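Structural overview
Chain by chain, the residues:
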Amino acid sequence: LCAELMSAATPLFLPSPNQRHNVGAQRDKWTLNPAANKPLHFSMLTFLGRLMGGCVRGGEPLPLYITSDVWKSIVGDTVTVADLEHVDKTLMQSM
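Quick summary incoming for the structure in this document. The structure displayed is predicted, hence computed values, not measured ones.

The next thing to look at is the overall build of the chain. Per the secondary structure count, the chain includes six helices and two strands. Order of helices (α) and strands (β) in the chain, N terminus to C terminus: α-β-α-β-α-α-α-α. Whereas a compact globule of 95 residues would reach a radius of gyration of roughly 12 Å, the chain reaches 14 Å, a difference of no more than 12%. With the C-alpha coordinates of the chain rotated into their principal frame, the extents come out at 40 × 25 × 20 Å. Relative to its full complement of 95 residues, the chain shows a buried share of 29%. Across the chain, every contact between residues at least 6 apart in sequence was considered, and the portion connecting residues at least 24 apart equals 45%. As displayed, the chain has an accessible area near 6,100 Å², and 62% of this comes from carbon and sulfur atoms. If you average the places of the 8 positive and of the 8 negative side-chain charges in the chain, the two averages end up 4 Å apart.

Take unusual backbone geometry next. Although it is not a glycine, Asn22 sits at a positive phi angle of roughly 55°. The residue Asn22 is located in the loop between helix H2 (17-21) and strand S2 (30-32) in this model. One non-glycine residue, Gln26, lies in the positive phi region at around 55°. Looking at where Gln26 falls in the secondary structure, it is placed in the loop between H2 and S2.

Conventions used here
- Residues numbered from 1 in each chain as written.
- Predicted model: local features only at pLDDT ≥ 70, side-chain atom pairs only at ≥ 80, totals over all residues.
- Heavy atoms only, no water.
- Helix = DSSP H or I, 4+ residues; strand = E, 2+ residues; numbered from the N terminus.
- Rg over C-alpha atoms; globule rule 2.2 N^0.38 Å.
- Buried < 20%, exposed > 50% of the residue type's maximum accessible area, 1.4 Å probe, protein only.
- Contact = heavy atoms within 4.5 Å.
- Areas by Shrake-Rupley, 256 points an atom, 1.4 Å probe, with all protein chains shown as cover.
- Lys, Arg positive; Asp, Glu negative; His and termini not counted.
- Charge placed at Lys NZ, Arg CZ, Asp CG, Glu CD.

Put into structure tokens, the structure is as follows:
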């Protein structure tokens, strides 16, 4: 299931920029697709959230390879500049 989520099989996630450009950290991670903004996508994300909650309650691992900025946003933590560099090193170097 997670392998399908972290692939082109669904429109929810995209490879991180570092993965696409083969630079920096988190080259194996995926980030949210900003174009996934239709009602169907929201339903899919709601299902993913319920799946995550069920796994937490049941103590089951859910191997999602999501970038640190997305994880921090989910848990309400502060996203830092270092997190952004872990997602897109090329962009951060150009700033």
